[in-house]
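Below are the chains, spelled out letter by letter.
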Amino acid sequence: MKNLLTLVASASTALAHGGVLTYNIGGKIYNGFVPYNTPTGQNTIQREWDSYNPIQDPTSSGMTCNLNGAVANEIATVAAGSKIVSYWTNPWPHTIGPMVTWMANCNGDCASFTGTGKVWFKIDQAGLISGTLATGLWGSGEMVNNNSTWTSTIPANLKAGNYLLRTETMAIHTSNAPQWYPECATLTVTGSGTGVPASSYLAAIPGVYSMSDPEVNIDIYSNANAGVTTYTIPGPPVYTG
Ligand SMILES: *[C@@H]1O[C@H](CO)[C@@H](O)[C@H](O)[C@H]1NC(C)=O
Ligand SMILES: *[C@@H]1O[C@H](CO)[C@@H](O)[C@H](O)[C@H]1NC(C)=O
Ligand SMILES: [Cu+2]
């Protein structure tokens with residue numbers, strides 16, 4: 001009975017949240033991890049994440065690849081330049097805030113890669129696309145409009161190797177209480193590219209976001225923000241290769 005009640009409680013909080021559940025990588029479908037279930041027996045390219053709830057502390061270790069980070073047992077092999085479609089919980093409930101897609105070179109086996117330090121680079125991002133902070137179209141709104149999917153392209157010249165792909169949205173619909181939804185998937189990128197992002201493209205996660213950053217600790221409904229039509233996504237520029 002206790003288990004049943006716990007299950008019901010987590011299912012109801014789960015309604016407002018979620019993450020990336022499935023991927024189409026270079027035309028092939030890959031399963032994400034299924035939260036609220038044991039990793040035992042799950043075949044997935046995604047690192048474990050245990051709850052649909054957001055990370056709300058930008059210094060949390062869960063910012064890297066969510067909580068917890070047990071490693072994936074599958075790897076998606078994909079050519080540089082290919083498209084990756086990430087399928088979010090559908091319909092995704094949050095339409096205010098940026099979408100950012102990151103990668104990090106595992107420098108070997110991703111199973112032993114922690115993702116800590118200044119290792120992450122952006123491959124795409126979309127912040128405020130049009131309109132005002134409170135009522136405009138955001139990257140996450142565009143994701144929702146497109147069947148709760150987000151399409152990324154692996155830089156065509158990216159050097160071959162094993163990488164983590166980190167999908168992220170930062171929901172900022174609640175004043176001064178940002179929510180992050182990160183998940184990591186394991187990729188082997190193939191090709192003859194030589195592209196390696198310079199350090200100016202790299203960020204640490206956690207580290208890149210801070211509650212002292214006004215673009216993070218933001219009240220989009222404040223009088224000061226009424227009519228504002230610009231928003232700067234935190235972090236380094238996008239690496240396009
Ligand atoms: C919408 O998603 C599809 C994948 O299902 C993708 O091919 C297309 O580029 C996306 N459209 C936009 C506007 O992002
Ligand atoms: C929309 O996404 C769902 C998964 O969330 C998928 O099953 C469905 O095929 C998608 N629809 C289209 C038109 O791509
Ligand atoms: Cu939510």
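Everything numeric here is computed off the predicted structure, so don't read it as measured data.

About the criteria used
- Residues numbered from 1 in each chain as written.
- Chains lettered and ligands numbered in written order.
- Predicted model: local features only at pLDDT ≥ 70, side-chain atom pairs only at ≥ 80, totals over all residues.
- Heavy atoms only, no water.
- Helix = DSSP H or I, 4+ residues; strand = E, 2+ residues; numbered from the N terminus.
- Near = heavy atom within 4 Å.
- Polar contact = N/O pair within 3.5 Å; in protein donor to acceptor, adjacent residues only side chain to side chain.
- Areas by Shrake-Rupley, 256 points an atom, 1.4 Å probe, with all protein chains shown as cover.
- UniProt positions renumbered as here; feature names shortened; annotations may be inferred.
- Pairing = 2+ DSSP bridges.
- Axes fitted to C-alpha atoms, helices over the stretch in contact; angles between N-to-C directions.
- 1 Å grid on protein atoms, 1.4 Å probe; cavity = no way out; pocket = protein on both sides within 12 Å on 5 of 7 lines; lining within 4 Å.
- Points joined across faces, edges and corners; volume = space filled by probe spheres on them.
- Nonpolar A, V, L, I, M, F, W, Y, C, P; charged D, E, K, R; others polar.
- Salt bridge = Lys/Arg side-chain N within 4 Å of Asp/Glu carboxyl O.
- Buried < 20%, exposed > 50% of the residue type's maximum accessible area, 1.4 Å probe, protein only.

Another aspect to go through is unusual backbone geometry. Peptide bonds are mostly trans, and most non-glycine residues show a negative phi. Residue N68 follows L67 across a cis peptide bond; omega there is -10°. Geometrically, the link from N90 to P91 is a cis peptide bond, its omega value of 0° lying close to zero. Tracing the sequence through the fold places P91 in the loop between β4 (83-88) and β5 (99-105). Of note in this structure, N107 is not a glycine but carries a positive phi near 50°.

Around ligand 2 lies a shell formed by Y87, N90 and N147. At a separation of 3.1 Å, an oxygen atom of ligand 2 approaches a polar side-chain atom of N90. Contact with the protein chains covers 33% of the free accessible surface of ligand 2, which is 360 Å².

Let us now look at the site of ligand 1. Close to ligand 1 lie N146, T149 and T151, which account for all nearby residues. For ligand 1, an oxygen atom lies 2.4 Å from a polar atom in the side chain of N146. Here T149 contributes a side-chain N or O atom positioned 3.5 Å from an oxygen atom of ligand 1. Its free accessible area being 360 Å², ligand 1 has 44% of it covered by the protein chains.

What follows deals with the UniProt feature "domain: Auxiliary Activity family 9 catalytic" (unreviewed entry) in the protein. As annotated by UniProt and renumbered to match this structure, "domain: Auxiliary Activity family 9 catalytic" (unreviewed entry) occupies residues 17-225. Between the first and last C-alpha atoms of residues 17-225 the distance is 26 Å; the span itself is 5% helix and 34% strand.

With that out of the way, let us pick up the sheet that holds strand β9 (residues 149-153). Taken in spatial order, the 4 strands of this open sheet run β2-β1-β4-β9, and their pairing is antiparallel. Pairing within the sheet leaves two strands with one partner each, and these edge strands are β2 (28-31) and β9. Going across the sheet, the axis of each strand differs from the next one's by a mean of 25°, ignoring polarity. In this structure, strand β1 (residues 20-25) lies alongside β4, joined through 5 bridges in antiparallel fashion. Directly across from V20, in β4, lies its bridge partner W88.

As a further point, take the sheet that holds strand β6 (residues 118-126). Sheets are built from strands that pair by backbone hydrogen bonding, the pairs being arranged parallel or antiparallel. Read from one edge of the open sheet, 6 strands run β3-β11-β10-β5-β6-β12, paired in mixed fashion. With partners counted over all chains shown, the strands left at the sheet margins are β3 (76-79) and β12 (202-204), one partner each. Recorded for the sheet is a direction-independent mean angle of 45° between the axes of neighbouring strands. With 11 bridges connecting them, strand β10 (residues 161-171) and strand β11 (residues 179-190) associate as antiparallel partners. Note on β11: the bridge partner recorded for E168 is P182.

Glancing now at the layout of surface pockets. Size it by volume and the largest pocket reaches roughly 170 Å³. If you trace the largest pocket, you find it lined by A104, N105, N107, K118, V119, F121, K159, Y163, G195, V196, P197 and L202. Those elements that provide at least two residues to the lining of the largest pocket are β5 and β6. Element by element, the count of residues in the lining of the largest pocket is highest for β6, at 3 residues. Per-class residue counts for the lining of the largest pocket are 7 nonpolar, 3 polar and 2 charged.

Summed over the entire model, instances satisfying the criterion amount to 1 salt bridge. Salt-bridge contacts for R166 lead to E168; the nearest nitrogen and oxygen are separated by 2.9 Å. The class of E168 is buried, set by a relative accessible area of 1%.

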